[in-house]
Amino acid sequence: MKIEKDRVVKFHYTVSEQGGEQLESSRDSGPLAILVGHGNIIPGLEKAMDGHEAGDTFTAEVPAAEAYGEIREGLTQRVPKKYFQGTKLVPGMQAVLPTNFGPRAVTIQKVGMSVVDVDLNHPMAGKDLSFDIEIVEVREAAAEEVEHGHVHGDGGHEH
């Protein structure tokens, strides 16, 4: 069965910055399960998977614009230090900032006595990425999965 919209895909990935060292891999935690065509992964990777099937292994080169976007200058904010709940903050480190729209990864720029300046760009913004992919399984999505826009059950979302 080929990968296309409204199909569930389980896959292993290893990602690195193009020409760089490995950043992340699913090999230790198990395959990732996504619902194709519903924005569950970055657009460039989803596009590279199109038409593949279980058992395929391939490399996908994804430019920054089709991954986490280009770096947007001026995308910084000053927030009260209390939102980091006592975490020892150091400029350059990654942290998670709770927002009204859920947790957001930020980069600490400057730490003051009561406020912190953060860069709101995704930590991988501006990076061209290289993915090594192994497609483990492809199946039709259940009607409820399509309606909800994500995978349910093993490797997916539990309600």
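Quick caveat, the model's predicted, so the values are computed rather than measured.

## Focus: the environment of K5
Relative to the assigned elements, K5 resides in the segment before β1 (7-17). Beyond its immediate sequence surroundings of up to four residues, K5 is in contact with V36, G37 and H38.

## Side note on the pattern of salt bridges
The tally for this structure, following the rule as stated, stands at 9 salt bridges. Between K2 and E53 there is a salt bridge; the shortest N-O distance is 3.8 Å. Of this pair, K2 sits in the segment before β1 while E53 sits in the loop between α1 (43-49) and β4 (57-62); the two residues are 51 residues apart in sequence, bridging distant segments of the chain. Under the relative-accessibility criterion, K2 is labelled partly exposed at 43%. Among the charged side chains, a network of salt bridges with common partners joins E4, R7 and E140.

## A few points about the sheet that holds strand β8 (residues 115-119)
Sheet architecture is open: 4 strands sit in the order β5-β8-β7-β6, paired in antiparallel fashion. Whereas interior strands pair on both sides, the edge strands pair on one side only; in this sheet they are β5 (76-80) and β6 (94-99). Going across the sheet, the axis of each strand differs from the next one's by a mean of 50°, ignoring polarity. With 5 bridges connecting them, β5 and β8 associate as antiparallel partners. Residue pairing in the sheet places V79 in a bridge with V116 of β8.

What counts and how
- Residues numbered from 1 in each chain as written.
- Predicted model: local features only at pLDDT ≥ 70, side-chain atom pairs only at ≥ 80, totals over all residues.
- Heavy atoms only, no water.
- Helix = DSSP H or I, 4+ residues; strand = E, 2+ residues; numbered from the N terminus.
- Contact = heavy atoms within 4.5 Å.
- Salt bridge = Lys/Arg side-chain N within 4 Å of Asp/Glu carboxyl O.
- Buried < 20%, exposed > 50% of the residue type's maximum accessible area, 1.4 Å probe, protein only.
- Pairing = 2+ DSSP bridges.
- Axes fitted to C-alpha atoms, helices over the stretch in contact; angles between N-to-C directions.

These figures come from the coordinates and say nothing about function on their own.
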